[in-house]
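A closer look at the structure
Here is how the chains run, residue by residue.
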Amino acid sequence: MRITVIGTGYLGAVHAACMAEIGHDVLGIDTNSQRISALAEGRVPFFEPQLGELLARGLNSGKLRFGGSLADAAAFGQVHFICVGTPQLPESLAADTSGIEAVIDGLAPHLTRNCLVAGKSTVPVGTAARMAIRLAELAPVGRGAELAWNPEFLREGYAVQDTLCSDRLVAGVTSAAADELLRSVYAPLLEAGIPFISTDLSTAELVKVSANAFLATKISFINAMADLCEAAGADVVTLARAMGYDDRIGSRGLSAGLGFGGGCLPKDLRALVARGTDLGVGDSLHFLQEIDTLNMARRTRTVELISGIVGGSVQGHNVAVLGAAFKPHTDDIRDSPALDVAVRLHRQGAHVRVHDPEAAENARKVFPELDYAHAIYAACENADIVLHLTDWPQYQEIDPAALRSAVRQPRLLDARNALSLDRWRADGWTAWGLGIRMADPDTGTQVTVPATA
Ligand code: UDX
């Protein structure tokens, strides 16, 4: 099938490469000409495992091409996927859908034969119905240009796997023909047994935002329990493990720590609250605001803990920060909890040196005021405290005994609860987690993290 992908950012680039991988002829277009040139030359403009190989395969086979206009896209495709961003509006909780509107307005006048326009971007419920009317009004082929909504559920760092082996496919459609067409696009995935849920436009839009709001709620829930564990002298890691054995709860997404960030969870949560309020159900969704507040409070609390650990103020202290990306396996620093903490400490007078295996360059562009180190040991040299803020697997490989000789004070705060604190302690470190009980090194009594500064 001939497919176009309009918007080749994170989502679009992955979708285009994956569609070529399953045998379609794909044309990717974007208003960002630099991005298009990079993709056309086989360069992935961000860090995403496996994407480079898929891109190369698609380009070499001739099934994948990048470049051209919306008119070219209209002439080429039978199915057009819209993959443009819907960021949070400045000064508002709501999502900005102007990118989608611009695509519909630009594409529709060129649609002279029947086709399907399938939105993949995350949008406030009701957007698709609005776009369907706009599309039919502006397209010369009229209602022959049909709109569907087919949300994506990919996680950064696992985007290829999540696209080709997704948990489920969701299609919001208004006709049997659109349903059939989307089923044929994804035929190899359906043959592999991936469930295909066909529904109306609004439900499809809502599946995505509800799923993200639920994931965010799960994370904030366990983080609230982490606070409780600290106060009660309990251990949130064991608590989460024990809870996770219940199939109805599950252990994934139940890791307590510094909280969630990134380009999706925070903004989708806020946009859902904003849209719910518009629709008159603000009271029912009010708790989601609390989820957001709890999440942001993790960062404040972590900064306070760090001050407490180093004696009341970070002013003049050397702080090593391990991790800048909003989570491991990505170079994405959007709304990164790790960088937020690093910058707050810097503003309080700490000398902050950051290491990240992939995201340091992106971080440096946005926060040039921080120091950056290429190697973990260099980041930790003379540190008064080492902070583990993004749980890259590389950090599990650190030899605490060896690192001890590099630092000024062997103090570790594992804000992701991913390192073996026992091992670090055995190697002479005073090591803290978030919501983790620890024995006082002097008295042997169970203590919690220090009182705030
Ligand atoms: C998310 C959704 O998972 C995905 O389905 C959707 O399509 C896009 O948004 P992503 O933003 O890539 O994906 O990240 P995810 O892996 O969900 O992690 C989000 C944030 O939550 C990260 O900052 C991560 O560190 C944090 N997190 C995740 C926790 O704090 N605890 C957990 O147990 C899991």
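Computed from a predicted structure; not experimentally measured.

Here we take up the sheet that holds strand S14 (residues 430-433). With parallel pairing, the six strands of this open sheet are ordered in space as S11-S10-S9-S12-S13-S14. The outermost strands of the open sheet, each flanked by one partner alone, are strand S11 (371-372) and S14. Bridge count between strand S10 (residues 351-355) and S11: two bridges; the pairing is parallel. For Arg353, the partnering residue across the bridge sits in S11 and is Asp371. Packing against the sheet, helix H13 (residues 282-309) makes contact with strand S12 (385-388), strand S13 (411-414) and S14, and its axis sits at approximately 165 degrees to S13.

What follows concerns the nonpolar core. Core analysis: the biggest nonpolar cluster contains 53 residues, and Leu345, Val352, Leu370, Val386 and Leu387 have the highest contact counts within it. For this core, the element with the highest residue contribution is helix H14 (residues 337-347), accounting for six residues. When neighbours within four sequence positions are excluded, Leu345 is seen to be in contact with Val303, Ile306, Val314, Val319, Ala350, Val352 and Leu387.

Here we take up the packing of helix H10 (residues 201-232) against helix H11 (residues 236-244). Contact geometry of H10 with H11 gives a least axis separation of 9 Å together with a crossing angle of 135 degrees. In terms of axis orientation, H10 runs oblique to H11. With respect to the hand of their crossing, H10 and H11 are arranged in right-handed fashion. Contacts from Phe221, Ile222, Met225, Ala226 and Cys229 in H10 reach Val236, Leu239, Ala240 and Met243 in H11. Residues of the contact of H10 with H11, tallied by class, amount to nine nonpolar, no polar and no charged.

Parameters at a glance
Residues numbered from 1 in each chain as written. Predicted model: local features only at pLDDT ≥ 70, side-chain atom pairs only at ≥ 80, totals over all residues. Heavy atoms only, no water. Pairing = 2+ DSSP bridges. Helix = DSSP H or I, 4+ residues; strand = E, 2+ residues; numbered from the N terminus. Contact = heavy atoms within 4.5 Å. Axes fitted to C-alpha atoms, helices over the stretch in contact; angles between N-to-C directions. Core = buried A, V, L, I, M, F, W, Y, C linked by side-chain atoms within 4.5 Å. Buried < 20%, exposed > 50% of the residue type's maximum accessible area, 1.4 Å probe, protein only. Parallel < 35°, antiparallel > 145°, perpendicular 65-115°, else oblique. Left-handed = near helix turned anticlockwise from the far one by under 90°. Nonpolar A, V, L, I, M, F, W, Y, C, P; charged D, E, K, R; others polar.

Read these as spatial facts, not as claims about activity.
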